[in-house]
Amino acid sequence: MLGPSSFLRPGPPPAAEGFELPCIAELGAMAWRGFGQGWHERNGGNASYRLTALEAAWVREACPAGPWEPLGALAPGVGGELFLVSATGSCFHAMEGDLAPLLGIVEVDGEGLAWRHRWGFSDGGRPTSEFTGHLLIHQARMAATDGAARVIYHAHPTSVVALSKLLPLNPRTFTRALWKAMTESVMVFPEGLGVVGCLVPGSLELARASAEQMRRFPAVIWASHGLLASGEGFDDAFGRMHAIVKAADIHLAARTANGGSDRFPNELPDATLRAIAEGLGLQLNEAFLGGEGA
Ligand code: 13P
Ligand code: ZN
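An account of the accompanying structure is given in this report.

### Points about the layout of surface pockets
Empty space within the second largest pocket amounts to approximately 180 Å³. Every residue lining the second largest pocket is counted, 18 residues in all, and those nearest its centre are Asn-43, Gly-44, Gly-45, Asn-46 and Ser-129. Residue composition of the lining of the second largest pocket, by class: 2 nonpolar, 13 polar and 3 charged.

### Considerations on the site of ligand 1
Asn-43, Gly-44, Gly-45, Asn-46, Thr-88, Gly-89, Thr-128, Ser-129, Glu-130, His-154, His-156 and His-225 make up every residue found near ligand 1. For ligand 1, an oxygen atom lies 2.7 Å from a polar atom in the backbone of Gly-89. Side-chain polar atom of Thr-128 to an oxygen atom of ligand 1: 2.6 Å apart, as the coordinates give it. When the free accessible area of ligand 1 is taken as 310 Å², the share hidden by the protein chains comes to 93%. Taken atom by atom, the bulk of ligand 1 overlaps the second largest pocket. Among the residues making up the shell around ligand 1, the classes are represented as no nonpolar, 11 polar and 1 charged.

### Points about the environment of Glu-55
Residue position: Glu-55 is located in helix 2 (residues 53-62). A polar side-chain atom of Glu-55 sits 2.8 Å from a polar atom in the side chain of Tyr-49.

### Considerations on the nonpolar core
Of all hydrophobic cores here, the largest spans 63 residues; its most connected members are Leu-84, Leu-103 and Tyr-153. One finds Ile-137, Leu-206, Ala-207 and Ala-211 within the second-largest nonpolar core, a separate group that totals 26 residues.

Analysis parameters
- Residues numbered from 1 in each chain as written.
- Chains lettered and ligands numbered in written order.
- Predicted model: local features only at pLDDT ≥ 70, side-chain atom pairs only at ≥ 80, totals over all residues.
- Heavy atoms only, no water.
- 1 Å grid on protein atoms, 1.4 Å probe; cavity = no way out; pocket = protein on both sides within 12 Å on 5 of 7 lines; lining within 4 Å.
- Points joined across faces, edges and corners; volume = space filled by probe spheres on them.
- Nonpolar A, V, L, I, M, F, W, Y, C, P; charged D, E, K, R; others polar.
- Near = heavy atom within 4 Å.
- Polar contact = N/O pair within 3.5 Å; in protein donor to acceptor, adjacent residues only side chain to side chain.
- Areas by Shrake-Rupley, 256 points an atom, 1.4 Å probe, with all protein chains shown as cover.
- Sits in = over half its atoms within 2 Å of the grid points.
- Helix = DSSP H or I, 4+ residues; strand = E, 2+ residues; numbered from the N terminus.
- Core = buried A, V, L, I, M, F, W, Y, C linked by side-chain atoms within 4.5 Å.
- Buried < 20%, exposed > 50% of the residue type's maximum accessible area, 1.4 Å probe, protein only.

Here you go:
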C-alpha cells in the first residue's frame, strides 16, 4: 500500500489550500503494480506524466525553480510543459512510502531547449536516462491524440523481449502476431504497434527512433529491451502495457505448445479482426491487413 497523503504534498506548502497532486501517488501505484507483474527488475523501466494546466500552475507557484539544464534534443512541442518523471536508477520495487527521492517534477522551457527542477529527486537524483525519449514521445503522442495523451510508461516484460528475438523486427509482423493472439488486441492497439531494433538504452538514437514510431502507434517494442506504452492516464497506459504483454504471453505459449511453429491450426483470420473492429466502430490499420498469411 502507498503511504499517507503527506507525500502527496511534498516540499513547500501549497499555494492553494487543500490542493494536492494525486499524479504522484498514481505514478507510484502504476510502477508498483508493474513491479508486481515482474516487469521491473533492478532499476528497469521508467515513467512520466505531463501535468495538467492546473497542476502546472500550482507547482510553478509552490515549488522553487532550479537552474536550467540543456535537453538532449529540441522538443518544442512540449515547451512550457511540466512533467512528473521517475529518477534514473530508481527501483520500481521500492515505489512505496516517500516517493520524493524516486520521482521529480521538472519544467521544460518555452522553446523546448532546456529543463529545470521543481520538486522531488530529494536524494539528489535526476530524470530517467530515457528522459529525452520521453519528451520526444510526449510530443509525438500529443500531436497524435490532440493533446489527450499524458502518460508514457516503459517496462521490461519478459515475453515481449523474448518475442523480439523470434519475429522479424517490423511493425507489420509484430502487430499481426499480437492482433491474432487474442480478440482484445484490436481494441487496445487498432493503429498497430511500433518496433525499433536493439539500440543503446538512453541514447538519442533510441529516443528519436521511438518518437518517430509513436507518431503513428500508441506503443513501441524495443528489441531485446522492452516495451513503451502511452495513455491518456495511468490506467490507460498500464492497461495497454498489460494487454500487449498478455498477447505476447499467449503467442509464446501457443507457439511452445505447437512445437515452436507459429502456423497455428486455429489461427484468427483477418476477416475476424475486421469484424471485431467493425462491431466496435474501430478503425484498424489497413496497412497491416491482407497479404501473406491473411
Ligand atoms: P533509468 O533507471 O535511467 O530510468 O533506466 C532504466 C531503463 O529501463 C532504461 O531503459
Ligand atoms: Zn529500459
